[in-house]
Amino acid sequence: MSYNPWLVVLSIALAALDAYVAFSVVGRIARSRGPAAVLWTGFGALAMGSGVWAMHFIGMLALEVPIPLGYDSQETALSSVPVILATGATLWLLARRSTHAGAVMAGVVLGLGMTSMHYLGVHALHIRPSIAWRLPWVAASLLLGLAGSTAAIWLHSMIWRGDRRHRWWLRVLAALMLGGTAAGVHYLGVAAMRFPAGAVSLEAGIGLHGLGLGLTISLVSGLLLLLTLCASLAHRQLQRHTEAIARELGQARDALSWLAYHDELTALPNRANVLDLLDRLLPLAQAEQFEVAVMFVDLDGFKSINDTLGHDVGDEFLRSVADALRASVRSRDTVARFGGDEFVVVLERFRSEANLVAICRKILSLVSRPVTVAGHSVSATPSIGVAMFPRDGGDAASLLRHADLAMYSAKEQGKAGYCFYQPRMSELARDRLLLSAELREALQREEIVVYYQPKVELASRRVIGLEALARWPQPGRGLLLPKIFVPLAEGSGLIGQLGQVVLRQVARQLAQWRARGLPLVPVAINVSLQEIQDGHFVAALLGTLREFGLPHDLIEFEITESAAMKNAEHTLRQLRQLEALGFRMAIDDFGTGFSSLSHLRQLPTQSIKIDQSFVQGATRNPADRDITEAIIALARKLRLATIAEGIETEAQAAWLQEAGCEIGQGYLFVRPLPPESVPALLLQAAVHPAPDAANG
């Protein structure tokens with residue numbers, strides 16, 4: 001016997017390709033479920049089984065013997081069934097049982113299938129007399145089929161448990177080993193054949209035969225294998241894309257989930273996170289009888305950092321506050337940011353209320369420390385409100401609300417402190433809410449009235465100006481002062497409407513006095529930062545003065561020192577616009593805020609008002625006296641007039657005049673007067689007119 005070398009090479013190459021494709025299909029089966037897995041198994045079994053069968057058929061065609069050969073077509077086709085079934089079982093075992101035992105089982109099944117196919121295919125020759133078999137070679141072919149298949153499949157099983165970087169060459173090695181096994185089973189089986197003398201093939205001339213047939217089978221089988229390989233690679237690529245998309249969607253989902261429960265700036269838990277935590281924690285605390293505390297922390301002075309140094313500095317400062325809060329509590333406690341400069345701390349299983357006091361003091365100490373941000377030393381003091389479960393509330397909403405009320409109580413007591421919730425705070429909050437609603441109605445009905453307090457020249461005691469002071473007649477409460485309702489107006493967004501009501505009343509009153517022929521003096525009106533920063537403020541002001549036909553120099557504006565320092569650049573632009581329109585300005589409550597002489601020098605102001613706390617404290621505290629005299633000296637250097645508030649005694653007036661203060665206000669001269677009592681003062685001022693008074 002001899003062989004056609006080209007057909008031998010072709011059969012071995014086909015066997016190796018067949019094995020590689022089979023191992024590729026295993027991955028598709030393993031990653032599929034249901035009908036898709038069955039489809040891949042059937043498709044892979046058909047492709048691999050037909051490939052092994054084609055290799056056997058081509059190998060037999062490569063055999064050159066002195067007698068013509070032919071193959072019974074039905075038996076030849078049936079010889080492919082064992083290997084197709086064995087291949088299907090092997091693929092399924094590899095995909096579903098990637099263990100050593102599964103590899104051995106799959107190797108045995110595949111080895112038996114290849115061996116059965118070979119000897120069934122040889123039987124299709126119908127040799128007469130029958131072929132004489134060399135049993136040692138038959139046994140060798142069977143052992144090679146079993147051992148080689150098992151070894152190749154065991155090597156393939158290492159791919160799934162080994163390093164992915166080495167998979168490609170392990171798969172190639174396993175494919176070569178399995179292809180070599182298939183070819184070896186065939187050629188050992190052929191070597192076991194002995195044709196008797198005078199043997200003939202009953203299928204010669206009528207059965208399957210010829211080199212062209214072998215090439216055709218090779219081509220069809222190769223195309224089927226290549227098609228299977230391409231489908232496998234395409235499916236793998238599609239799976240990779242699908243997995244990549246799934247990973248990206250998962251990452252996006254995780255990111256969205258994180259953002260839904262965390263603050264992006266500080267990476268702290270957010271409001272939703274805290275509410276969820278309390279909803280889970282409070283029932284547990286009730287069942288196990290332990291307490292939970294909620295601390296509401298608000299930063300006093302943070303807005304001025306944002307307005308003065310910019311939001312980047314403010315954001316960095318908030319991150320430092322978050323670090324300070326985390327350092328103030330235990331790792332198991334929760335620090336959260338509710339937004340803006342509001343933080344919440346949730347503590348569980350604390351020892352006592354005294355322990356909470358110690359934590360509050362630690363927060364005050366750490367958070368209040370100045371930090372350097374972008375070259376600036378900045379600080380803000382916290383106000384802390386504390387509510388405890390179950391004493392102060394049985395659910396998350398009530399605990400947070402009560403901690404918030406306690407925090408506002410801490411602010412009212414002077415800021416930079418802490419306060420524990422008390423039931424009366426809820427009553428006060430309800431009163432404030434009710435009063436805010438009543439204030440809104442009072443503004444709509446213009447029930448706010450204006451009183452006037454004279455400004456007196458200390459040397460001559462002449463009235464040279466008036467200050468407009470808002471009063472709110474409240475049934476059952478009497479005449480409410482600005483210190484009660486102005487904070488309500490600021491907190492409820494009504495301050496602009498309040499300012500407009502006061503301006504219209506002053507303008508209307510000045511117009512009435514002028515119509516009566518009374519001599520007029522400038523009237524000073526307090527203006528808030530919110531009004532100054534309102535883009536419609538100047539237009540509304542000019543419209544009101546035009547309506548009543550008043551000159552601009554009859555109106556002066558007083559803005560507090562702290563308001564003038566906030567968002568200084570924008571405030572400065574607004575004040576300069578007012579100055580250009582002919583309005584005069586004064587800095588109110590000077591010395592009580594955070595003074596900046598560089599900004600004070602730039603402000604278009606003509607006078608500064610010394611806060612009454614310094615004037616009245618001067619008789620008891622030498623420091624207040626020294627501060628007052630320093631303010632007067634500073635004003636004279638800056639060529640600004642000084643107005644002292646709260647003068648109640650002649651001794652105070654004499655001391656201030658001696659220090660160089662020109663103008664005073666206080667009960668020593670005249671208390672704030674209703675509009676009907678002012679004309680007498682104006683007539684008195686007309687006897688000795690003030691230099692800057694306007695006479696309408």
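Procedures and definitions
- Residues numbered from 1 in each chain as written.
- Predicted model: local features only at pLDDT ≥ 70, side-chain atom pairs only at ≥ 80, totals over all residues.
- Heavy atoms only, no water.
- Helix = DSSP H or I, 4+ residues; strand = E, 2+ residues; numbered from the N terminus.
- Buried < 20%, exposed > 50% of the residue type's maximum accessible area, 1.4 Å probe, protein only.
- Contact = heavy atoms within 4.5 Å.
- Pairing = 2+ DSSP bridges.
- Axes fitted to C-alpha atoms, helices over the stretch in contact; angles between N-to-C directions.
- Core = buried A, V, L, I, M, F, W, Y, C linked by side-chain atoms within 4.5 Å.
- Salt bridge = Lys/Arg side-chain N within 4 Å of Asp/Glu carboxyl O.
- Parallel < 35°, antiparallel > 145°, perpendicular 65-115°, else oblique.
- Left-handed = near helix turned anticlockwise from the far one by under 90°.
- Phe/Tyr/Trp six-rings, centres within 6.5 Å; stacked < 30°, edge-to-face > 60°.
- Lys NZ or Arg CZ within 6 Å of the ring centre and 35° of its normal.
- Polar contact = N/O pair within 3.5 Å; in protein donor to acceptor, adjacent residues only side chain to side chain.
- Patch = residues over 30% accessible without salt bridge, like charges linked within 9 Å, V, L, I, M, F, W, Y side chains within 5 Å.
- Areas by Shrake-Rupley, 256 points an atom, 1.4 Å probe, with all protein chains shown as cover.
- Expected span 1.5 Å × (residues − 1).

A. Expanded view of the overall build of the protein. A count of helices and strands for the protein gives 25 helices and 22 strands. The 696 residues of the protein split such that 50% are buried. Partitioning the intrachain contacts of the protein with sequence separation of at least 6 by distance along the chain shows that 73% fall at a separation of at least 24.

B. Here's a closer look at the sheet that holds strand β12 (residues 381-389). Strand order in this open sheet of 5 strands is β8-β9-β7-β12-β13, and the pairing throughout is mixed. Lying at the two open borders of the sheet, with one neighbouring strand each, are β8 (334-339) and β13 (418-420). The average angle at which neighbouring strand axes cross in this sheet is 20°, direction not considered. Bridging between strand β7 (residues 292-300) and β12 involves 9 bridges; their strand directions are antiparallel. Among the inter-strand pairings, Ala293 is bridged to a residue of β12, identified as Met388. Packing against the sheet, helix α12 (residues 353-368) makes contact with β7, β9 (342-348), β12 and β13, and its axis sits at approximately 160° to β12. Across the sheet, helix α13 (residues 396-412) touches β7, β8, β9, β12 and β13, and the angle it forms with β12 is around 140°.

C. Broad picture of the nonpolar core. With 76 residues, the main nonpolar core has Val506, Phe557 and Leu578 as its most contacted residues. Look past the residues within four positions of Phe557 in its chain and what remains in contact with it is Ile525, Val527, Phe537, Leu541, Leu578, Phe583, Arg584, Met585 and Ala586. Listed in part, the 35 residues of the second largest apolar core include Phe302, Ala322, Leu325 and Phe343.

D. View of the pattern of salt bridges. Taken as a whole, this structure holds 23 salt bridges when the rule is applied. Arg349 serves as the salt-bridge partner of Glu348, at 3.7 Å between the closest nitrogen and oxygen. Taking relative accessible area as the criterion, Arg349 reaches 35% and is therefore assigned partly exposed. We note a salt bridge from Glu558 to Lys609, for which the minimum N-O separation is 3.1 Å. Of this pair, Glu558 sits in strand β18 (residues 555-560) while Lys609 sits in strand β20 (residues 607-610); the two residues are 51 residues apart in sequence, bridging distant segments of the chain. Judged by relative accessible area, which is 1%, Glu558 ranks as buried. Salt bridges sharing common partners tie together Lys455, Glu467, Glu556, Glu558, Arg584, Lys609 and Glu645.

E. How the structure looks around unusual backbone geometry. The omega angle of the peptide bond from Arg128 to Pro129 is -5°, so this bond is cis rather than trans. For Pro129, the location among the structural elements is in the loop between β3 (127-128) and β4 (132-133). A cis amide bond links Phe389 with the next residue in sequence, Pro390, at an omega value of 5°. Along the chain, Pro390 turns up in the loop between β12 and α13. Its identity is not glycine, yet Ala267 carries a phi of approximately 65°, on the positive side. Structurally, Ala267 can be placed in the loop between α8 (211-261) and α9 (271-288).

F. Representation of the packing of helix α16 (residues 495-515) against helix α18 (residues 537-548) in the model. Where α16 meets α18, the closest approach of the two axes is 9 Å, and the angle between their N-to-C directions is 25°. Taken together, the axes of α16 and α18 lie roughly parallel to each other. α16 and α18 meet at a crossing whose hand is right-handed. Along the contact surface, α16 presents Gln500, Leu503, Arg504, Ala507, Arg508, Ala511 and Arg514, while α18 presents Ala540, Leu541, Thr544, Glu547 and Phe548.

G. Just the packing of aromatic side chains, in detail. Tallying each qualifying case throughout the model produces 8 aromatic pairs. Aromatic side chains Phe296 and Phe338 sit 5.8 Å apart centroid to centroid with 80° between the ring planes, which places their arrangement in the edge-to-face category. Residue Phe296 is located in strand β7, and its partner Phe338 is located in strand β8; the two are separated by 42 residues in the primary sequence. Using a relative accessible area of 5% as the deciding quantity, one classes Phe296 as buried. For the ring pair Tyr418 and Phe420, a centre distance of 6.3 Å and an interplane angle of 85° mean the geometry is edge-to-face. Since its relative accessible area comes to 25%, Tyr418 is described here as partly exposed. These aromatic residues form a ring-pair network of at least three members: Phe537, Phe557 and Phe583. The lysine or arginine in question, Arg471, covers the ring of Tyr451, its NZ or CZ lying 5.8 Å from the ring centre.

H. Geometry of the environment of Phe350. Relative to the helices and strands, Phe350 is located in the loop between β9 and α12. The class of Phe350 is buried, set by a relative accessible area of 8%.

I. Just the environment of Arg620, in detail. Mapped onto the fold, Arg620 is located in the loop between α22 (612-617) and α23 (622-637). From its side chain, Arg620 meets the backbone oxygen of Gln616 in a polar contact 3.2 Å long.

J. Seen up close, a nonpolar patch on the surface. On the surface, Val104, Val108, Leu112 and Leu142 cluster together to form a nonpolar patch covering roughly 280 Å² of accessible area. Broken down by element, the nonpolar patch gets its largest block of residues, 3 residues, from helix α5 (residues 100-123). Structurally, the position occupied by Val104 is in helix α5.

K. Inspection of the environment of Asp333 at higher detail. Mapped onto the elements of the fold, Asp333 is located in the loop between α11 (311-328) and β8. Residue classification places Asp333 among the buried residues on the basis of a relative accessible area of 8%. C-alpha separation for the pair Asp333 and Leu347, spaced 14 residues apart in sequence, amounts to 5.0 Å. Apart from the residues within four sequence positions on either side, Asp333 is in contact with Val346, Leu347 and Glu348. There is a polar contact of 2.8 Å between the side chain of Asp333 and the side chain of Arg330.

L. Structural detail: the side chain of Arg462. Looking at the element boundaries, Arg462 is found in the loop between β14 (449-457) and β15 (463-474). Judged by relative accessible area, Arg462 falls into the buried class, the value being 19%. Within polar-contact distance, the side chain of Arg462 engages the side chain of Glu457 at 2.5 Å.

M. How the structure looks around helix α14 (residues 423-444). Between the first and last C-alpha of α14 there are 33 Å, a value that for 22 residues agrees with the 32 Å anticipated at 1.5 Å per step. Every buried residue belonging to α14 is among Met425, Ser426, Ala429, Leu435, Ser436, Leu439, Ala442 and Leu443, and all of these are buried. In this structure, the buried side of α14 is in contact with α13, β13, β15, β16 (478-480), α15 (482-491) and α16. Two residues or fewer after α14 comes Glu446, characterised by a positive phi angle close to 55°.

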